[in-house]
Amino acid sequence: MAIIDLHAEIGTTPLWGVPFTDTNLTRLMQKYGVERAVVSSTIGTSCDFRRGNAHIAQVVKSNPHLRGCLVINIHYPEQSQEDMRAYAGLDSFAGIMLTSGRRGDCVTLAEAEELLNAHRRFVKPVFVRTPDRASLIAANEIAKAFSTMKFVLLGMGGEDWRMATVLADRTLNLVLEVSGSFSPDKIKFAVDRIGAHRLVYGSSLPYCDPSATIGLVEDADISDADKRYIFVNSAKRLLGW
Amino acid sequence: MSFEIIDANTVFGPWPMVRADMPAERLATALKSHGVSASLAISTIGALHNHSDGNVETLRICSEVRTLLPVATIDPRGYFGPASVVTALAEQGFKMFRLFPLLQDWSLDHAAFGDVLDAIEMVGKPVMVQARQTGCPSAMARSVGSRTIPIILEGISYENMAEAVSVMRNKPNFFVDTRELRVPGALRFLVDQVGAERVVFGSGCLRNSLASALGYITDSEIGDEAKAAILGGNIKRLLGG
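The text that follows walks through the structure, step by step, so that each part is easy to find. (Residues numbered from 1 in each chain as written. Chains lettered and ligands numbered in written order. Predicted model: local features only at pLDDT ≥ 70, side-chain atom pairs only at ≥ 80, totals over all residues.)

Here's the deal with the sheet that holds strand S6 (residues 126–129) of chain A
Residues and elements named next belong to chain A.
No. 1: Within the open sheet, the 9 strands sit side by side as S2-S1-S3-S4-S5-S6-S7-S8-S9. Their pairing is mixed. Of all strands in the sheet, those bounded by a partner on one side alone are strand S2 (19–20) and strand S9 (199–200).
No. 2: As defined by bridge partners, strand S1 (residues 3–12) adjoins S2 across 2 bridges and the pair is classed as antiparallel. Residue pairing in the sheet places threonine 12 in a bridge with proline 19 of S2.
No. 3: Its contacts with the sheet put helix H1 (residues 22–32) on S1, S2, strand S3 (34–41) and strand S4 (66–73), and the angle it makes with S3 is roughly 150 degrees. (Pairing = 2+ DSSP bridges. Helix = DSSP H or I, 4+ residues; strand = E, 2+ residues; numbered from the N terminus. Contact = placed C-beta atoms within 7 Å. Axes fitted to C-alpha atoms, helices over the stretch in contact; angles between N-to-C directions.)

In structure tokens, the structure reads:
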């Protein structure tokens, strides 16, 4: 079954400084049958979004199997908008990721409003990290305020995946990316509640081996058609591929 | 009276959590305009992303800006040894090591932190450690144990000065920097308690105003000899002249 990975990062990892290059990613994509991946930069999401975006722009230019995810930081609106003007309109970039510059601090509507207004014209999805309840609530508020945009909740709320699903049931422009918690009940619960067309696969590389999330979806008590949606069709629909 | 000024606590690089403009060129300009002859400087990449990338960046920038003396960092969460890793950093020309337990959220009783201290002790370089919270000086004293390595407690303030003084009375190898000293008379009080030779000037520039930090020292009611020691003499001694 073909797979599209909407959530991977390349670069040296935080803490350990282990290199995870586009070559490493490509090798893993081949191993797991991933035909395309949307990537951001590890240094872009940890501390320097502009350096990360420039790196990703170089990588995706030469690799047709990779699309960029532009990282923007709410504390740097001018610089974020400069990067949006430079990269967001390119076919090689699939969407933007809103960050607060600090893992664990969620992005709020008040902080994101200006940047999202600037992003309207690009008609590309917005990725938001949602490792917990607080980030889910904040992302849901943003999605309701920008109802014509699609918001992909990376990590699906972590252990709060039930809440993520309930919110997505009510806020129709939310899409859930299924990494995060490995509860065996998560995928079926979400498919039954909101439908597989609202779920997308993301590996969370290089922090999580693809086998873990792929196994979670493959092992779920849902139809093969639903699995195809999660692995590939929902992403194609979301990104217009 | 003019003093030779060496700032023991400066940083440059990206700062994603709040808006901050921190290129190394700006640091060099600030040093020059305030009569600071040199500063111990570190890239934020090492604290916020990983120490390997950060140390490379610090060394590169400091080789280009001669008034910046390179400071290395090790994040115990990503340290597996061997001790020769630290030896190599010293051989590359790093003058001091800095550790960021508060920013990186690790405990001072972290086992790998002990390994890092052992390795640094072998190369005889001073270590500056974040210690701005109550409990940090005491925990640091326990972690250092019988090691004789020079330790600079960074960010000591009104709230934990008594604790720092208590530690310093028992640990002759402990020093403090001046970054968080703001209270009128606090520096004079500190000098009375532990002696001027145990205090080193550190501004926190570019995160903090160099002018403000310098003004606090030069305006304080301590003798010129004490000011000279704090502003440059002590750190020169710790660095080996």
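Alright, that's what it looks like, and here's the rest.
As for unusual backbone geometry
No. 1: With an omega of -5 degrees, the peptide bond between glycine 81 of chain B and proline 82 of chain B qualifies as cis.
No. 2: Of note, proline 82 of chain B is situated in the loop between strand S3 (68–73) and helix H4 (84–92).
No. 3: With an omega dihedral of 15 degrees, the bond running from cysteine 205 of chain B to leucine 206 of chain B counts as a cis peptide bond.
No. 4: Counting through the fold element by element, leucine 206 of chain B comes out in the loop between strand S8 (199–200) and helix H10 (210–218).
No. 5: Its identity is not glycine, yet serine 204 of chain A carries a phi of approximately 70 degrees, on the positive side.
No. 6: Residue position: serine 204 of chain A is located in the loop between S9 and helix H9 (210–219).

Topic: the sheet that holds S8 of chain B
Pairing between the strands of a sheet comes from backbone hydrogen bonds, and it takes one of two forms, parallel or antiparallel.
Residue and element names in this part refer to chain B.
No. 1: Taken together, 8 strands build an open sheet; the order of strands is S1-S2-S3-S4-S5-S6-S7-S8 and the sheet is parallel. Where the open sheet ends on each side, the last strands, each with one partner, are strand S1 (6–12) and S8.
No. 2: Both strand S2 (residues 38–43) and S3 contribute to a ladder of 3 bridges, which runs parallel. By the bridge assignment for S3, serine 39 is matched with leucine 68.
No. 3: Sitting on the sheet, helix H3 (residues 51–64) touches S1, S2 and S3, and the angle it makes with S3 is about 170 degrees.

Some remarks on the pairing of strand S7 (residues 151–154) of chain A
All names here are of chain A.
No. 1: Burial along S7 is two-sided: the residues Phe151 and Leu153 and Val152 and Leu154 are all buried.
No. 2: Pairing analysis gives 4 bridges linking S6 to S7, with the strands arranged parallel. Bridging across to S7, phenylalanine 127 finds its partner in valine 152.
No. 3: In the classification by handedness, the crossover that spans S6, the intervening helix H6 (residues 133–145) and the parallel S7 is right-handed.
No. 4: Where S7 lies against strand S8 (residues 174–177), 3 bridges are found, and the strand directions are parallel. Each bridged residue has a counterpart across the sheet, and for leucine 153 the counterpart in S8 is leucine 176.
No. 5: In the classification by handedness, the crossover that spans S7, the intervening helix H7 (residues 161–170) and the parallel S8 is right-handed. (Buried ≥ 20, exposed ≤ 12 C-beta atoms within 10 Å, placed from the backbone. Right-handed = clockwise from strand over helix to strand, strands pointing away.)

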